[in-house]
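Summary of structural features
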Amino acid sequence: SSSSSSAPAAPAGVRRREEMLYNLGLQHLLLGRPLEAFACLSEACTLFYSRPRLWIRLAECCIAHQALQQRSQEERAQSEMVCSVAGGGARRRVLLPF
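Residues numbered from 1 in each chain as written. Predicted model: local features only at pLDDT ≥ 70, side-chain atom pairs only at ≥ 80, totals over all residues. Heavy atoms only, no water.

1. Some words on the pattern of salt bridges
Inspection of the entire model under this criterion finds five salt bridges. Put simply, Glu18 and Arg17 hold a salt bridge, and the shortest N to O gap is 3.4 Å. Under the relative-accessibility criterion, Glu18 is labelled buried at 4%. In this structure, the salt-bridge partner of Arg57 is Glu60, at a minimum N-O distance of 3.0 Å. With Arg57 and Glu60 both in helix 3 (residues 52-81) and three residues apart, this pair spans about one turn of that helix. On the basis of relative accessible area, Glu60 is assigned to the partly exposed category, the value being 32%. One network of salt bridges, with partners in common, ties together Arg15, Arg16 and Glu19. (Salt bridge = Lys/Arg side-chain N within 4 Å of Asp/Glu carboxyl O. Buried < 20%, exposed > 50% of the residue type's maximum accessible area, 1.4 Å probe, protein only. Helix = DSSP H or I, 4+ residues; strand = E, 2+ residues; numbered from the N terminus.)

Encoded structure:
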């Protein structure tokens, strides 16, 4: 039989597993879990290494993880600026360190 693909075809069970890992990775990415998404998508690379969308999704995982880290650093820095809050409503006061 003549085949246009130079790589041998993967067994159906392996292909199905990689497809499920790819889809699971997409779900993790959409749910804001970039590390879990990266783990799933990187396992799917063993079969789908020639698909550009997979590499784009891996890049999205890296960007999302970096954004989460940056956001948490900003929140920590902001919380270090405020010592405490006194009062409530219109009389609320934010106390800052010296």
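2. A look at the nonpolar core
Of all hydrophobic cores here, the largest spans twelve residues; its members are Leu21, Tyr22, Leu29, Ala37, Cys40, Leu41, Ala44, Cys45, Phe48, Leu54, Leu58 and Cys61. Elements with a minimum of two residues in this core: helix 1 (12-30), helix 2 (34-48) and helix 3. The dominant element in this core, judged by the number of residues it contributes, is helix 2, at six residues. Residue contacts for Leu29: discarding those within four places in its chain leaves Ala37, Arg57, Glu60 and Cys61. (Core = buried A, V, L, I, M, F, W, Y, C linked by side-chain atoms within 4.5 Å. Contact = heavy atoms within 4.5 Å.)

3. Some points on the packing of helix 1 against helix 2
At a minimum axis separation of 8 Å, helix 1 and helix 2 run at an interaxial angle of 150°. The orientation of helix 1 with respect to helix 2, classified from their angle, is roughly antiparallel. Our pair here, helix 1 against helix 2, has a crossing hand that is left-handed. Across the interface between the two elements, Val14, Arg15, Arg17, Glu18, Glu19, Leu21, Tyr22, Leu24, Gly25, Leu26, His28 and Leu29 of helix 1 pack against Glu36, Ala37, Cys40, Leu41, Glu43, Ala44, Thr46, Leu47 and Phe48 of helix 2. Looking at side-chain class alone, the contact of helix 1 with helix 2 contains twelve nonpolar, three polar and six charged residues. (Axes fitted to C-alpha atoms, helices over the stretch in contact; angles between N-to-C directions. Parallel < 35°, antiparallel > 145°, perpendicular 65-115°, else oblique. Left-handed = near helix turned anticlockwise from the far one by under 90°. Nonpolar A, V, L, I, M, F, W, Y, C, P; charged D, E, K, R; others polar.)

4. Notes on the side chain of His28
Relative to the helices and strands, His28 resides in helix 1. The contact partners of His28, leaving out residues within four places of it in the chain, are Arg33, Glu36, Ala37 and Cys40.

5. A word on the environment of Phe48
Relative to the assigned elements, Phe48 resides in helix 2. For Phe48, a relative accessible area of 3% puts it in the buried group. Residues Phe48 and Arg15 lie 33 residues apart in sequence; the distance between their C-alpha atoms is 9.0 Å. Setting aside residues up to four positions removed in sequence, Phe48 forms contacts with Arg15, Glu18, Glu19 and Leu54.

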